[in-house]
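Residues per chain, in single letters:
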Amino acid sequence: MEFLAEYNLTGIVIGVATFLIIGLFHPMVIKGEYYFGVKCWWVFLLMGIATIIASVAVHHILWSTLLAVWGASSFWSIGELFEQRERVKKGWFPKNPKRE
């Protein structure tokens, strides 16, 4: 961690990690809606609450920030889950035939 601070790389690491976290949530929303519908929204809620609490509890700025990004992405995914349902209704994404 001293290496990141010494060479002012903490911001770049946070930026890249944020990009990867958001990129991870995109397929999680798509797969979640496909297999479970919107009824899995509470998983994102619990994950968001847990990571925001962890973000407040952690004192290291890098980990605290990444946990906060994870929490915010979790909360954002709740809305995206319902939006994904609409995208499926429009035919933009496949509907799970086993989940009728």
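Residues numbered from 1 in each chain as written. Predicted model: local features only at pLDDT ≥ 70, side-chain atom pairs only at ≥ 80, totals over all residues. Heavy atoms only, no water.

Draft legend 1. Seen up close, helix α4 (residues 61-89). In this model α4 runs 42 Å from its N-terminal to its C-terminal C-alpha over 29 residues, within 8% of the 42 Å that 1.5 Å per residue would give. Along α4, the sharpest kink reaches roughly 30 degrees, centred on Ile 78. Positioned one or two residues after α4, Gly 91 has a phi angle of 90 degrees, which is positive. (Helix = DSSP H or I, 4+ residues; strand = E, 2+ residues; numbered from the N terminus. Expected span 1.5 Å × (residues − 1). Bend = angle between axes of the 7 residues up to and from the residue.)

Draft legend 2. Seen up close, helix α2 (residues 10-36). With 27 residues, α2 should cover 39 Å at 1.5 Å per step; its first-to-last C-alpha distance of 37 Å lies within 8% of that length. Of all the positions in α2, only Ile 14, Ala 17, Thr 18, Ile 21, Phe 25, Val 29, Ile 30, Gly 32 and Glu 33 are classed as buried. Here the buried face of α2 lies against α3 (41-57) and α4. Immediately beyond the C-terminal end of α2, within one or two residues, lies Gly 37, with a positive phi of roughly 75 degrees. (Buried < 20%, exposed > 50% of the residue type's maximum accessible area, 1.4 Å probe, protein only. Contact = heavy atoms within 4.5 Å.)

Draft legend 3. Quick look at the packing of α3 against α4. For the pair α3 and α4, interaxial distance at closest approach is 8 Å and the crossing angle is 160 degrees. One element, α3, and the other, α4, form an angle in the roughly antiparallel class. Considering only the axes of α3 and α4, their crossing is left-handed. Only Ser 64, Leu 67, Ala 68, Trp 70, Gly 71, Ala 72, Ser 74, Phe 75, Ser 77, Ile 78, Leu 81 and Phe 82 of α4 make contact with α3, whose side of the interface consists of Trp 41, Phe 44, Leu 45, Met 47, Gly 48, Ile 49, Thr 51, Ile 52, Ala 54 and Ser 55. Partitioned by chemical class, the residues of the contact of α3 with α4 number 15 nonpolar, seven polar and no charged. (Axes fitted to C-alpha atoms, helices over the stretch in contact; angles between N-to-C directions. Parallel < 35°, antiparallel > 145°, perpendicular 65-115°, else oblique. Left-handed = near helix turned anticlockwise from the far one by under 90°. Nonpolar A, V, L, I, M, F, W, Y, C, P; charged D, E, K, R; others polar.)

Draft legend 4. Up close: the packing of aromatic side chains. Taken as a whole and judged by the stated rule, the model has three aromatic pairs. Ring geometry for Phe 3 and Tyr 7: centres 4.9 Å apart, planes at 50 degrees, overall tilted. Owing to a relative accessible area of 49%, Tyr 7 belongs among the partly exposed residues under this scheme. (Phe/Tyr/Trp six-rings, centres within 6.5 Å; stacked < 30°, edge-to-face > 60°.)

Draft legend 5. Up close: the nonpolar core. With 15 residues, the main nonpolar core has Ile 21, Phe 25, Phe 44, Leu 62, Leu 66 and Leu 81 as its most contacted residues. If you list the elements that add at least two residues to this core, you get α2, α3 and α4. Residue contacts for Phe 25: discarding those within four places in its chain leaves Phe 44, Met 47, Trp 70, Ser 73, Ser 74 and Ser 77. (Core = buried A, V, L, I, M, F, W, Y, C linked by side-chain atoms within 4.5 Å.)

Draft legend 6. Fine view of the packing of α2 against α4. Interaxial distance between α2 and α4 falls to 8 Å at its minimum, and their mutual angle equals 30 degrees. Taken together, the axes of α2 and α4 lie roughly parallel to each other. Of the two possible hands of crossing, α2 and α4 adopt the one that is right-handed. Residue composition of the contact of α2 with α4, by class: 14 nonpolar, eight polar and three charged.

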